[in-house]
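Take a look at the letters that make up each chain.
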Amino acid sequence: MIKRNKIVVTGGSGRFAQSLKKIKSKYNFIYPSKNKLDITNINLIVRFLKKVKPKSVLHLAGLSRPMMDHEKKINKSINLNIIGTSNLVNACSKLKIKL
């Protein structure tokens, strides 16, 4: 059995991740749901990453377009796009995981 490098992909239900899922790869991509990997909670991120032990994290989660959504849901935009990204960076740095 060949051991493939694990890569956790945030935002697995988003447009880009859906396209990524269709591509064959030598890597083992893991697409956790928002419930399993809530990027707004650093403790949950650390716990999940310690359990899964990925080689890397590909961060695709966040509120994207249309930009009008950011204005209507400013708190959600800040929590996902700024705080969530910061949490991932800090967790990966702490656990020495490539981001």
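Residues numbered from 1 in each chain as written. Predicted model: local features only at pLDDT ≥ 70, side-chain atom pairs only at ≥ 80, totals over all residues. Heavy atoms only, no water.

Draft legend 1. Region of the structure containing the nonpolar core. Among the nonpolar cores identified, the biggest contains 13 residues, and Val8, Leu37, Ile45, Phe48, Leu49 and Val57 are the most heavily contacted of them. Elements with a contribution of two residues or more to this core: α2 (42-52) and α4 (74-95). Leaving out residues up to four positions away in the same chain, Val57 has contacts with Val8, Thr10, Leu49, Leu88, Cys92, Ile97, Lys98 and Leu99. (Core = buried A, V, L, I, M, F, W, Y, C linked by side-chain atoms within 4.5 Å. Buried < 20%, exposed > 50% of the residue type's maximum accessible area, 1.4 Å probe, protein only. Helix = DSSP H or I, 4+ residues; strand = E, 2+ residues; numbered from the N terminus. Contact = heavy atoms within 4.5 Å.)

Draft legend 2. Structural view of the sheet that holds strand β1 (residues 6-10). Taken together, the 3 strands give an open sheet; going across it, the order is β2-β1-β3, and neighbouring strands pair in parallel fashion. Taken across any chain shown, the strands that pair with only one partner, and hence form the sheet edges, are β2 (28-30) and β3 (56-59). The average undirected angle you get between the axes of adjacent strands in this sheet is 25°. The pairing of β1 with β2 spans 3 bridges and is classified as parallel. Bridging from a neighbouring strand, Val8 pairs with Ile30 of β2. This element, α2, spans β1, β2 and β3 of the sheet and lies at about 155° to β1. (Pairing = 2+ DSSP bridges. Axes fitted to C-alpha atoms, helices over the stretch in contact; angles between N-to-C directions.)

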